[in-house]
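Observations on chain architecture
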Amino acid sequence: CLGGDKAPPVSPAQSRSVRQKLDRIAEGKLARGAVVVLTEGEINSYLRYDYAEEIPPGLSDPHLRLDSDRVIGDVMVDFAEWQAARGESPGMLLGFLLRGKRRVEVTARFTSAQGRGQADIESVRIGGVPVSPAVVRFLIENVVQPRYPEAVVGRPVELGYGLEQVRVERGRAVVVGGNGEKERS
């Protein structure tokens, strides 16, 4: 999996747990100060069991690791299949550089406050090889954003769902509500 750290076990039960939490968040009715904790094991279980059908062709075996203000994600990517699923050719240069299956690892810093969050890419490795910041920008602009125009990197965006904050901590994400009155314990 990632960097030698043993990943928490995944299970259908953890996937159901996080799905219920995500449904609660999606309702947009978390009281001000209400906290929902999503563990690394729950998130990876969700990716394996409940979200698996949503993962685009060409991507497989996703894993996330959470650390202080950092999300480290890795996924196996078949670049040709991923692009072909859109009915597009990756082009000669990208086709040559990104042919075959490769594990892609991305480390991003994520911070949020006052209902806004920002993700900044810190590093990318393709097949274990570090990718320069200029190539990362090129790939985001020419490969990722055409497919996912709503993907925003390097600038603040609204968290949505009436959230105040999402804190990324070691092994968990802490989601804090921003709507309504302070929830009583």
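You'll find the structure just up there.
Numbers given to residues run from 1 along each chain, matching the order in which its sequence is written. Predicted model: local features are reported for residues with pLDDT of at least 70 only, side-chain atom pairs are reported and counted for 80 or more only, and whole-chain, interface and lining totals are derived from all residues. Note that the side-chain values use all heavy atoms of the structure and ignore hydrogens as well as water.

Considerations on the pairing of strand β2 (residues 35–39)
A regular strand carries its side chains on alternate faces of the sheet. Partly exposed residues are those whose accessible area sits between 20% and 50% of the maximum for their type, while under 20% is buried and over 50% is exposed, using a 1.4 Å probe and protein chains only. By the criteria applied, helices consist of DSSP H or I runs no shorter than four residues and strands consist of E runs no shorter than two, each listed in order from the N terminus. Only one face of β2 is covered, namely the one carrying V36 and L38; the face carrying V35, V37 and T39 has none of its residues buried. The pairing of β2 with strand β10 (residues 172–177) spans 5 bridges and is antiparallel. In the sheet register, T39 faces β10, and the bridge partner there is R172. Should DSSP find at least two bridges between two strands, the strands are regarded as paired.

Overview of the pattern of salt bridges
Criterion for a salt bridge: a side-chain nitrogen of Lys or Arg within 4 Å of a carboxyl oxygen of Asp or Glu. Enumeration according to the criterion identifies 10 salt bridges in this entry. With a shortest N-O distance of 2.3 Å, D50 and R19 are connected by a salt bridge. One end of the pair, D50, is in the loop between α2 (40–48) and β3 (59–67); the other, R19, is in helix α1 (residues 12–26), with 31 residues separating them in the sequence. Look at D50 and you get partly exposed, because its relative accessible area is 29%.

A look at α2
The buried fraction of α2 amounts to 7 of the 9 residues, a majority that puts the element mostly inside the structure. Contact criterion: two residues are considered in contact whenever any of their non-hydrogen atoms come within 4.5 Å of each other. The inward-facing, buried residues of α2 abut α1, β2, β3 and β10.

Focus: the side chain of D78
If you trace the backbone, D78 turns up in strand β4 (residues 70–78). At 5.1 Å, K101 is the nearest oppositely charged side chain to D78, a buried residue that forms no salt bridge. Here the side chain of D78 touches E81 through a polar contact of 3.1 Å, landing on its backbone nitrogen. Once you skip the residues sitting within four places of it in the chain, D78 turns out to touch G58, G100 and K101. Neither His nor the chain termini are counted; the positive set is Lys and Arg, and the negative set is Asp and Glu. In protein, a polar contact requires one atom able to donate a hydrogen and another able to accept it; more generally it is a pair of N or O atoms within 3.5 Å, and residues adjacent in sequence count only if both atoms are side-chain atoms.

Topic: the nonpolar core
Residues I25, L30, V36, L38, L163, V166 and V175 are the most contacted members of the largest nonpolar core, which totals 15 residues. Elements that contribute at least two residues to this core include exactly α1, β2, β9 (163–169) and β10. Counting residues per element, this core draws most heavily on β9, at 3 residues. If near-sequence neighbours (up to four positions away) are discounted, L30 is found in contact with R24, I25, V36, L163, V175, G177, G178 and N179. In this structure, V77, W82, V124 and I140 belong to the second largest nonpolar core, which totals 12 residues. Think of a nonpolar core as a cluster: buried Ala, Val, Leu, Ile, Met, Phe, Trp, Tyr and Cys residues, connected wherever their side-chain atoms sit within 4.5 Å.

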